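Residue strings, one per chain:
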Amino acid sequence: MRRTDPPASLAPHIPADAYRRAQATGQPVVIVVHTTDSDGRPLGAYLYPLAVATAGAVGVFATVAALLALLDFAIHTAVSIAAATGPISVGGISLKLFGSKR
């Protein structure tokens, strides 16, 4: 019978004499692996809420930008119409929006 050392991957965990004794008697070598529970949430748990918040922020920003563009277009349209029509009168009250630049 030949005596061998434990495999290199098991050497730090199993004492050589216990390994040799188990090998000589035919007993199985039981390896117990201790794991620790993680203390916090995994990083993947933060990905979905972060994606939803980012999409919401981009949506709000785009909505505000579209509203401002629409308001700008409406104001330019109103100014163009008012400049083309001249004074506006309603019920005998005349309102000249733009004066001549002469």
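As the structure is a prediction and not an experimental result, all values here were calculated from the model.

### Considerations on the overall build of the protein chain
Right, on to step 1. A tally of regular secondary structure across the protein chain gives two helices and two strands.
Right, on to step 2. Mapped in sequence order, the helices and strands of the protein chain form the string α-α-β-β.
Right, on to step 3. Looking at the protein chain as a whole, 5% of its 102 residues are labelled buried.
Right, on to step 4. Roughly 9,200 Å² of accessible area belongs to the protein chain as shown, and the carbon and sulfur atoms make up 66% of that amount.

### Some remarks on the confidence of the model for the protein chain
Right, on to step 1. On average, residues of the protein chain carry a pLDDT of 78, and 72% of them reach 70 or more.
Right, on to step 2. Helix α2 (residues 44–85) holds the highest mean pLDDT among the elements of the protein chain, 92, whereas strand β1 (residues 88–90) holds the lowest, 70.

### Brief notes about a nonpolar patch on the surface
Right, on to step 1. Residues V60, V64, L68, L71, I75 and V79 make up a contiguous nonpolar surface patch of roughly 530 Å² in combined accessible area.
Right, on to step 2. The topology assignment puts V79 in helix α2.
Right, on to step 3. Assessed through its relative accessible area of 38%, V79 is described here as partly exposed.

### Brief notes about the packing of aromatic side chains
A ring pair, where both rings are aromatic, is described by two values, the distance of the centres and the angle of the planes.
Right, on to step 1. Using the criterion set out here, one finds zero aromatic pairs in the structure.
Right, on to step 2. Its guanidinium or amino end placed over the ring of Y46, R41 lies 4.9 Å from that ring's centre, counting from NZ or CZ.

### A look at the environment of A18
Right, on to step 1. For A18, the position within the fold is in helix α1 (residues 16–25).
Right, on to step 2. By relative accessible area, which is 26% here, A18 ends up partly exposed.
Right, on to step 3. Separated by 11 residues in the primary sequence, A18 and V29 have C-alpha atoms spaced 8.7 Å apart.

Definitions and cut-offs
- Residues numbered from 1 in each chain as written.
- Predicted model: local features only at pLDDT ≥ 70, side-chain atom pairs only at ≥ 80, totals over all residues.
- Heavy atoms only, no water.
- Helix = DSSP H or I, 4+ residues; strand = E, 2+ residues; numbered from the N terminus.
- Buried < 20%, exposed > 50% of the residue type's maximum accessible area, 1.4 Å probe, protein only.
- Areas by Shrake-Rupley, 256 points an atom, 1.4 Å probe, with all protein chains shown as cover.
- pLDDT = per-residue confidence, 0-100.
- Patch = residues over 30% accessible without salt bridge, like charges linked within 9 Å, V, L, I, M, F, W, Y side chains within 5 Å.
- Salt bridge = Lys/Arg side-chain N within 4 Å of Asp/Glu carboxyl O.
- Phe/Tyr/Trp six-rings, centres within 6.5 Å; stacked < 30°, edge-to-face > 60°.
- Lys NZ or Arg CZ within 6 Å of the ring centre and 35° of its normal.

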